[in-house]
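An overview of the molecular structure
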Amino acid sequence: MKAFFHSRLVWPTGFLILLIVVNSIARPRFLKITMRDGELYGALIDILRQSAPLMLVALGMTIVIATRGIDLSVGAVMAVSGAVALTIIADSETPNSVGTVLIAVLTAILVSMVLGAWNGLLVSVFGIQPIIATLVLMLAGRGAALLITDGFITTVNSTPLAFIASGYLSVLPFAFFISVAAIVTVALVERRTALGMLTESVGINPEASRLAGVRSRGIIWGAYVASGALAGVAGIIYASNIKAADANAAGLFIELYAILAVVLGGTSLMGGKFSIGGTVIGVFIITTLESTILFMGIPSAQSPVFFAIVVMVVVMIQSPRVRTWLRRAKDAVVGMWVGRSSKPKQVEQEVAS
Amino acid sequence: MTTQTSLAQPSRIAAVEAATQKFFVRHSAMLPTLAAVVILMLLFAGAELLLKGDFITPRNISALVLDNAYLLVLAVGMTFVILTAGIDLSVGSVMAFTGILGAKLLGDGLPPIVAIPAMLLGGAAIGLLIGILVQYFHVQPFIASLAGLFLGRGLAYVVSLSSIRVEDSATLWLQSTRFRLGEWYITPTGIIALLTVAVAAFVLHYTRFGRTIYAIGGNEQSAKLMGLRVASATVTAYVISGLCGGLAGLLLTAYSGAGYPRNGIGTELDAIAAVVIGGTLLTGGRGYVVGSMVGVFVYGTIKTIISFMGAEQSWMQIIVGALLLLFIVVQRLIVARSGAKS
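Residues numbered from 1 in each chain as written. Chains lettered and ligands numbered in written order. Predicted model: local features only at pLDDT ≥ 70, side-chain atom pairs only at ≥ 80, totals over all residues.

**Some remarks on the overall build of chain A**
Scanning chain A from N- to C-terminus turns up 17 helices and six strands. Here the C-alpha coordinates of chain A stretch approximately 95 × 55 × 35 Å along the principal axes. Here chain A holds 353 residues, and the buried ones make up 46% of them. The contacts in chain A between residues at least 6 apart in sequence include a share of 77% that link residues at least 24 apart. (Helix = DSSP H or I, 4+ residues; strand = E, 2+ residues; numbered from the N terminus. Buried ≥ 20, exposed ≤ 12 C-beta atoms within 10 Å, placed from the backbone. Contact = placed C-beta atoms within 7 Å.)

And the structure:
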């Protein structure tokens with residue numbers, strides 16, 4: 001218990017619980033989950049379902065940030081992935097067959113991995129700053145996605161594709177299972193093997209880890225490939241949700257929300273130590289906040305103001321200056337308490353001096 | 001005779017080589033900007049050949065300044081921030097916010113003498129916020145300006161969810177007036193943009209503040225130890241960027257005759273791309289405002305060429321991305337070279 005209170009997860013978890021409590025007081029329906037035809041429905045289930053694309057992107061972003069990098073291209077990769085998958089399905093004779101959708105999805109993920117590998121090449125081999133290296137693809141990727149769809153919004157009617165975002169597997173949404181699978185895979189690979197530790201060492205000091213025999217180039221490269229692949233899956237979920245490939249709107253601003261989720265989860269942008277659990281909580285905070293803002297009747301276009309305030313509060317709590325202020329305030333409060341109980345002693349000391 | 005020339009030639013080549021090497025070493029900071037000028041020339045020449053002498057006309061060049069006036073102003077502000085080794089993602093949103101704010105104030109019947117300072121102050125306030133977060137709370141510029149991006153975009157929608165037409169004659173005058181010199185023309189918006197570049201160049205090269213900006217980008221620790229006022233200069237750089245965002249909002253509102261909250265999505269990336277293409281190093285300390293101007297013109301020329309060729313605008317993003325990559329690789333090589341020399 002004490003370990004938990006000292007962990008970095010305490011602030012984000014507290015904030016998430018606060019959000020849920022506020023929500024359930026303001027609208028009692030929030031916590032209600034109903035069973036219909038053996039499938040669960042409710043605001044909480046919606047949050048689980050809608051958070052899937054952001055969850056995947058944020059997981060990839062966590063690994064990249066742990067290597068001291070950043071991946072701005074995830075939104076563009078999502079657009080490309082959706083465009084590739086839907087163009088294949090639209091051009092095929094049998095858009096309703098599971099085989100076609102499977103081929104389309106696998107091709108799209110493969111393309112996304114190639115894009116991730118391109119980012120990794122620029123960062124790890126050519127040594128270009130991650131912000132700029134991925135900015136190249138962020139700019140060019142959307143253009144490429146528009147070329148793939150000929151500048152149109154490709155729409156398809158495909159039952160297996162629609163299942164990815166809105167289908168149910170037993171009682172829970174299928175998209176939720178995708179994000180759980182991604183969380184579990186990333187957690188197992190990073191935390192049950194040495195990879196996570198090596199990633200952190202590369203993030204903390206790339207030169208020292210290289211001298212210690214860590215193959216940092218491969219680890220950094222792998223992080224970008226993983227981020228690309230996860231963004232590719234996210235792009236397919238997004239496209240499946242709207243049943244269309246919209247190269248302009250797919251994944252717009254998602255890189256910013258993903259970075260925000262990672263930072264909310266307590267992972268520093270300076271690289272090194274990362275927390276997968278923190279990112280998961282960060283993603284839930286963002287999705288819950290979005291749902292809260294919608295519930296409050298504020299147009300979703302205005303929601304960025306709230307995110308701006310959240311970002312500022314969170315980064316300020318994490319900043320050393322505010323930490324010092326808080327510690328001083330705590331000391332002052334504690335000092336007052338201690339001072340009251342041991343007043344005579346202090347007076348004696350003053351007299352003595 | 002033949003032996004003489006063959007003897008003389010190597011020595012002359014060596015002399016030229018030595019001279020160029022000296023030039024490269026002495027002016028290595030200028031090289032990326034020179035490269036941008038060369039690219040701009042090549043683009044002009046290529047377009048002229050491709051369109052059979054129909055490209056370099058006074059009308060096109062004048063339109064280049066007119067169409068990119070707002071981006072020019074944004075790039076100037078961005079140059080200040082990038083020179084301090086920071087980054088400002090908020091400029092596009094700030095431009096949208098101040099643009100719609102101005103349109104709303106003018107629509108409510110306020111005179112431009114109130115509305116225009118309000119726009120500039122609105123931009124500067126967001127810049128100040130980012131600067132304080134960066135300098136006093138040690139928030140990374142990327143994240144602090146991300147908060148600014150969200151704030152600006154959200155506030156733009158708070159002001160209005162739909163576009164607002166501007167009917168104020170003074171604001172529209174900025175755009176509709178053409179000062180003509182033969183075939184050439186320039187609008188007040190273009191003059192404002194070019195003046196911004198001139199003032200910024202003067203400030204960066206001839207004032208204490210400007211040299212402090214370069215010193216911070218070169219090495220913040222050294223700048224501090226030298227007794228330079230690092231904190232106030234850093235915050236001021238962000239305020240200038242916000243102010244430029246406000247000014248760009250005014251120019252864009254005049255240009256389009258309306259404020260629109262969806263304006264300028266992704267414009268911050270265009271501004272960063274223009275600054276980088278213009279030869280300013282993202283690691284800070286090296287670069288020129290005039291280079292950023294060249295970068296904006298490279299960007300604008302590509303856009304013009306694409307629309308002349310009737311190609312899809314999606315190529316624009318791909319070409320700018322590729323160009324950005326090219327310049328980054330060139331910069332890497334230059335930095336690696338000068339690093340090896342020193």
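**With respect to the packing of helix α6 (residues 112-136) of chain B against helix α12 (residues 230-256) of chain B**
All names here are of chain B. As a packed pair, α6 and α12 sit with axes 7 Å apart at the nearest point and diverge in direction by 145°. Between α6 and α12 the crossing geometry is right-handed. When its residues are assigned to classes, the contact of α6 with α12 shows 16 nonpolar, eleven polar and no charged. (Axes fitted to C-alpha atoms, helices over the stretch in contact; angles between N-to-C directions. Left-handed = near helix turned anticlockwise from the far one by under 90°. Nonpolar A, V, L, I, M, F, W, Y, C, P; charged D, E, K, R; others polar.)

**Focus on the interface of chain A and chain B**
Listed per partner, the contact involves 37 residues of chain A and 35 residues of chain B. When contributions to the side of chain A that touches chain B are tallied by element, the ones reaching two or more residues are α7 (130-148), α13 (254-264), α15 (304-318) and α16 (320-341) of chain A. The biggest single contributor to the side of chain A that touches chain B is α7(A), with 13 residues. Tallied by class, residues from the side of chain A that touches chain B come to 28 nonpolar, seven polar and two charged.

**Details of the packing of helix α4 (residues 52-66) of chain A against α13(A)**
All names here are of chain A. One way to put it is that α4 packs onto α13 with a least axis distance of 8 Å and a crossing angle of 65°. Judged by the sense of rotation from one axis to the other, the crossing of α4 with α13 is right-handed. When α4 is examined against α13, the residues Leu54, Val57, Ala58, Met61, Thr62 and Ile65 are found in contact with a partner set consisting of Ile254, Tyr257, Ala258, Ile259, Ala261 and Val262. Residue classes in the contact of α4 with α13 are distributed as eleven nonpolar, one polar and no charged.

**Describing the confidence of the model for chain B**
With 95% of its residues at a pLDDT of 70 or more, chain B shows a mean pLDDT of 87. Put simply, helix α1 (residues 2-26) of chain B is where chain B has its lowest mean pLDDT, 70, and helix α4 (residues 69-83) of chain B is where it has its highest, 96. (pLDDT = per-residue confidence, 0-100.)

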